[in-house]
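Summary of structural features
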Amino acid sequence: MTMERVLQHLYLVGMAAGFTIIFGLVLGILAYLYKPMRPVVLWTVDILQTIPVLALLGVLSIVAGSSSTTVIIGIVLYSLLPVVRNTYVGLTSVDPAIKEAATGMGMTKVQKIISVELQLAFPMIFTGIRIAIVTSIGTAVFGAVVGGGGLGSVINRAILIQDMDTLLMVMAVVFDFGMGYVEKRLKARRIQTVLEEDNTLQGKEIV
């Protein structure tokens, strides 16, 4: 095993994570805004999650060829569910009173989503992103089947030097704990913001 394989694996995960976040947020917002699209979007990401990874990569390799791009596309499709679901659920869980207040301030629908709703829903959205990234670390191993490189190519050749399984586990744990720490900080900041808003409102009522 060489550092090149590790870097390839991180490249696959990093690129896939970026696209997963972008497409996941967009699809989650569309499902939230447009009711007719909601069942289609949510049903599609559910179905993609149930397809075996090797089968998904095999179909993609027939269409797009065998390359790292094929692996990235496969990881993105397989990791969309938690980001889309958590974005949709996070937005729908925002207090309706806050939405009405934003409307009363003259905000458009887009302004409300960007300036208010996404910020309040972000801790839940980040949880979905965290799950998607940790999942993609293990999913990227199967990329070697379609010539995507990474650690999977070493594993598939049965070269078990330097304990590959432990390395993969450590990578997943490090990402999980790191993002878990950020998630806790976001939740703590959100609680503090809510408390400050409550104190401000109570002060106005007393005046």
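Predicted, not measured: the structure shown is a model, and the values here were computed from it. (Residues numbered from 1 in each chain as written. Predicted model: local features only at pLDDT ≥ 70, side-chain atom pairs only at ≥ 80, totals over all residues. Heavy atoms only, no water.)

When you go through the protein residue by residue, the secondary structure sums to eight helices and zero strands. The order of α-helices and β-strands along the protein, N terminus first, is α-α-α-α-α-α-α-α. Each of the 207 residues in the protein was classed as buried or not, and the buried ones make up 38%. Summarising the internal contacts of the protein: among those between residues at least 6 apart in sequence, 79% fall at separations of at least 24. Per element, the accessible surface of the protein, about 11700 Å² overall, is 69% carbon and sulfur. (Helix = DSSP H or I, 4+ residues; strand = E, 2+ residues; numbered from the N terminus. Buried < 20%, exposed > 50% of the residue type's maximum accessible area, 1.4 Å probe, protein only. Contact = heavy atoms within 4.5 Å. Areas by Shrake-Rupley, 256 points an atom, 1.4 Å probe, with all protein chains shown as cover.)

With that out of the way, let us pick up the packing of helix H2 (residues 38-50) against helix H4 (residues 68-92). The geometry of H2 relative to H4 is characterised by a closest axis approach of 7 Å and an angle of 140° between their N-to-C directions. The angle between H2 and H4 falls in the class oblique. H2 and H4 meet at a crossing whose hand is left-handed. Between H2 and H4, the residues in contact are Arg38, Val41, Leu42, Val45, Asp46, Leu48 and Gln49 and Leu77, Tyr78, Leu80, Leu81, Pro82, Val84, Arg85 and Tyr88, respectively. The class makeup of the residues in the contact of H2 with H4 is 11 nonpolar, one polar and three charged. (Axes fitted to C-alpha atoms, helices over the stretch in contact; angles between N-to-C directions. Parallel < 35°, antiparallel > 145°, perpendicular 65-115°, else oblique. Left-handed = near helix turned anticlockwise from the far one by under 90°. Nonpolar A, V, L, I, M, F, W, Y, C, P; charged D, E, K, R; others polar.)

What follows concerns the environment of Ile47. Tracing the backbone shows Ile47 in helix H2. Taking the C-alpha atoms as reference points, Ile47 and Tyr78, 31 residues apart in sequence, are found 9.4 Å from one another.

What follows is about the packing of aromatic side chains. Across all of its chains, the model carries two aromatic pairs by this definition. Relative to Phe23, the ring of Phe19 has its centre 6.3 Å away and its plane inclined at 20°; by these criteria the two rings are stacked. Of this pair, Phe19 and Phe23 both sit in helix H1 (residues 3-33), separated by four residues, roughly a single helical turn. With a centroid separation of 6.0 Å and 50° between ring planes, the pair formed by Phe122 and Phe126 is classed as tilted. Separated by four residues within a single helix, Phe122 and Phe126 lie in helix H6 (residues 109-139), roughly one turn from each other. For Phe122, a relative accessible area of 34% gives the class partly exposed. (Phe/Tyr/Trp six-rings, centres within 6.5 Å; stacked < 30°, edge-to-face > 60°.)

Before going further, it helps to spend a moment on the packing of helix H3 (residues 53-64) against H4. Closest axis-to-axis distance for the H3/H4 pair is 9 Å, and the angle between their directions is 135°. Our classification of the angle between H3 and H4 gives oblique. Every pair of crossing elements has a handedness; the one defined by H3 and H4 is right-handed. Of the residues in H4, those touching H3 at Val53, Leu56, Leu57, Leu60, Ser61 and Ala64 are Thr70, Val71, Ile73, Gly74, Leu77 and Tyr78. Residue composition of the contact of H3 with H4, grouped by class: nine nonpolar, three polar and no charged.

This part takes up helix H5 (residues 96-104). Two or three places before Ala97, at the start of H5, stands the capping residue Asp95, its side-chain oxygen 3.0 Å from that residue's backbone nitrogen. Downstream of H5 by one or two residues, Gly106 has phi in the positive range, about 90°. (Polar contact = N/O pair within 3.5 Å; in protein donor to acceptor, adjacent residues only side chain to side chain.)

Before going further, it helps to spend a moment on the side chain of Ser79. Turning to its location among the elements, Ser79 is positioned in helix H4. Residue Ser79 is classed as buried on the basis of its relative accessible area of 1%.

In this structure, Ser136 sits in helix H6. Under the relative-accessibility criterion, Ser136 is labelled buried at 2%. Separated by 2.7 Å, the side chain of Ser136 and the backbone oxygen of Ile133 make a polar contact. Among residues more than four places away in sequence, those in contact with Ser136 are Val13, Ile75 and Ser79.

On the surface, a cluster of nonpolar side chains totalling about 550 Å² of accessible area is made up of Tyr11, Met15, Phe19, Ile22, Phe23 and Val26. Within the secondary structure, Ile22 is located in helix H1. (Patch = residues over 30% accessible without salt bridge, like charges linked within 9 Å, V, L, I, M, F, W, Y side chains within 5 Å. Salt bridge = Lys/Arg side-chain N within 4 Å of Asp/Glu carboxyl O.)

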